[in-house]
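What follows is the residue order along each chain.
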Amino acid sequence: MSPDKHSNKRLSSGQPSLEREDADIQKIETKNGFTVLYKNRYLYSRFDAKKNSERLVQSLEIKDESLFFIFSPLLGHGLDLLFEKISGDSFVLAIETDPLLYTFSLQNINKKLLEKKNFLYLCLEEKMTGVKELLEKIDHLVQSEEGYAFRRLVPLELSSTFIQKEFQNTCTQYIDLYINQFWRNRITLVKLGRLYAKNIFQNLALLSQAETIKSATIEKPILVLGAGPSLEENIATIQTFQKHFFIIAVDTALAYLHKQKIGIDLCLVMEPQLINQKAFLAVKNTKIPLLADLCSYPATQKILNGPLSFFFSEYASLQFLQNLAKNSGIQKYRALGSVGLVAVETALKLRKKNTAIFFTGLDFSYQLGKTHTKETPSHLARLFEATRLKPAENIGLVENKIGDGLYTNPALENYARLFDDLYAEENELYMLSEISIIRKIKKISLEDFKTWIENKAGQRDSSQRDSIEKNETIESRFFETNTIEKTKRKDAIIDFLESEIKKLSVLSRLLESIKPELISSQLDENLQKEIRKKLLGLEYLYIHFPEAYKKPDISSSFISRLKAETSFFLKIIEKSLDRIKSEHF
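On a predicted model such as this, the values are computed, not experimentally measured, just so you know. (Residues numbered from 1 in each chain as written. Predicted model: local features only at pLDDT ≥ 70, side-chain atom pairs only at ≥ 80, totals over all residues. Heavy atoms only, no water.)

**Remarks on the sheet that holds strand β6 (residues 91-96)**
Hydrogen bonds between backbone atoms are what pair the strands of a sheet, whose relative direction is either parallel or antiparallel.
At step 1: As summarised here, the arrangement of the 4 strands in space is β7-β6-β5-β8, forming an open sheet in which the pairing is parallel. Edge positions in the open sheet fall to β7 (119-123) and β8 (152-156), since each of these has one partner strand only. The mean inter-strand angle of the sheet, taken between neighbouring strand axes irrespective of direction, is 20 degrees.
At step 2: Examined bridge by bridge, strand β5 (residues 66-71) and β8 share 5 bridges and lie parallel to one another. Its bridge partner lying in β8, L67 is registered against L153.
At step 3: Each of β5, β6 and β7 is contacted by helix α5 (residues 128-143), which is oriented at about 160 degrees to β6, the strand it contacts most. (Pairing = 2+ DSSP bridges. Helix = DSSP H or I, 4+ residues; strand = E, 2+ residues; numbered from the N terminus. Axes fitted to C-alpha atoms, helices over the stretch in contact; angles between N-to-C directions. Contact = heavy atoms within 4.5 Å.)

**A closer look at the packing of helix α9 (residues 319-328) against helix α14 (residues 483-513)**
At step 1: Remark: α9 packs on α14, axes separated minimally by 8 Å, with the N-to-C direction vectors making an angle of 150 degrees. As summarised for this structure, α9 and α14 are arranged roughly antiparallel, according to the angle between their axes. Facing F320, N323, L324, N327 and S328 of α9, the residues of α14 in contact are R489, A492, I493, F496, E500 and K503.
At step 2: Residue composition of the contact of α9 with α14, grouped by class: 5 nonpolar, 3 polar and 3 charged. (Parallel < 35°, antiparallel > 145°, perpendicular 65-115°, else oblique. Nonpolar A, V, L, I, M, F, W, Y, C, P; charged D, E, K, R; others polar.)

**So, the pairing of strand β13 (residues 290-293)**
At step 1: Across the two faces of β13 the burial is the same, with L290 and A292 and L291 and D293 all buried.
At step 2: Where β13 lies against strand β14 (residues 308-313), 4 bridges are found, and the strand directions are parallel. Residue pairing for β14: L290 is matched across the bridge by L308. (Buried < 20%, exposed > 50% of the residue type's maximum accessible area, 1.4 Å probe, protein only.)

**A few points about the environment of I494**
At step 1: Mapped onto the secondary structure, I494 falls in helix α14.
At step 2: In the structure, I494 is positioned 87 residues away from K581 in sequence and 8.0 Å away in space, judged by C-alpha atoms.
At step 3: Among all residues touching I494, those that are not within four sequence positions of it are L577, I580 and K581.

**Examining the sheet that holds strand β16 (residues 357-360)**
At step 1: Strand order in the open sheet made by the 9 strands is β15-β14-β13-β12-β11-β10-β16-β20-β21, with parallel pairing throughout. The open sheet has two edge strands, β15 (331-333) and β21 (442-443), and neither has a second partner.
At step 2: In this fold helix α7 (residues 230-241) packs onto β10 (222-225) and β16, with an angle of close to 130 degrees to the strand it touches most, β16.
At step 3: Packing against the sheet, helix α10 (residues 339-350) makes contact with β10, β11 (246-250), β12 (266-269), β13, β14, β15, β16 and β20 (429-431), and its axis sits at approximately 155 degrees to β11.

Shown next as structure tokens:
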């Protein structure tokens, strides 16, 4: 907007006459700063423009590591006071959705505010694209060199705003979810971050000989089977019509599906811990093709004794993982966290254009005493552990009742919400469940599902069940076996592992050279910089340290732990490298 559309006036007693069009923006002086008149509406007080904004900021209980979210900062009233109160690890993020007000604000707000490192001002569309852009900016702040780690969101209206209330609520809801998920991920990394990296290096030996899954190769309708309670409700129909589907199953559903004589074309596994092997005991040597996360428990990959392929999900934003993706040639998935979501993601990758995908057992809800379908390890364990004083119904979870006999918890709700956000726009994706809390995917009833199959395949429902022998004649064209590519991948993995060994050895010598008396005192700044430089790409050494969400503090405690981790991973990587070179798998 050109400056001549903005006018400056002195506010006299009484209501001023509105001489300009509603679309014009007027900056009007009051006894304490300027107010703004726009579309017949004052955006600050007509008499004391700064009073309410400054009073709101003064009333705040300011805490460290806060994200202050400002709707329509306009002239910036109250912001100077806010910046005086906040610490350097907090951030002020302001948004506007009206381009005219945004341009006006940029021209009139204190330029020193715009130059502050911990201030960002965005103009967004009042659509989900605007929310997505907002979250990307926040993620960039978290991943930046400053490494902001927000513990709370503080929404503030320092002026009257034209931003729709629904959009405000959507933005704050998604930012809250982002912050919540950030700390959930941190807890997970503290518990499992070391194990993730250990499993990756051990699985690289298997990756050098693994198959590659080809995209857009499946013409059959795809059926994705999770381990939720709704799987039982639909199992009879699945038995009858299974030969018409390419069936993808999650690992925890394997035992139940095998007992029900369901032929599985592809199994998904993500679990990094030993406990997951219980899910495979009933299907040992069944030669079911397996798609495994590179972070999954290595011994699991050999139980089925069938074709093996790997995928890689970026469980954290690390230079190490970027180097791994670049050098291993492995297919990369976005971070999803749930094996059910990964199964649907895989189905979308595998299907040819317009191929239908149906899913069941991805409920993200449960009944008392039954979080999974029958025969799954968690359900059997609950039954085995049940006593008269501790019945199976007493599930030790945070329970939110969502319906008649149905419950969920915050983690499951987050996965359901993520499912909706990712796949709501996908064509030919159908949900076969009456109890799932997924809301934005088209639901299909069991009768409509049967009708769809009968129309598509010409088979009528009967008591005749398909045989599990379906798996013995599985079409394997979605696996790509290329000896030349395998050789190239093997050489690339060897180079990657040798590079890691070299970097770890250099770091180890540097750490060992530090005298004990130096470790117990403040280290030289140049030495700290050198250690930080050597740690680039080696984040797996410390990502599981509780304080690792911040820039590494090179303290005596940190160095002592770093020495132990360096020694540990050197042994793991050297052993993996020996296995690849010897080819004894």
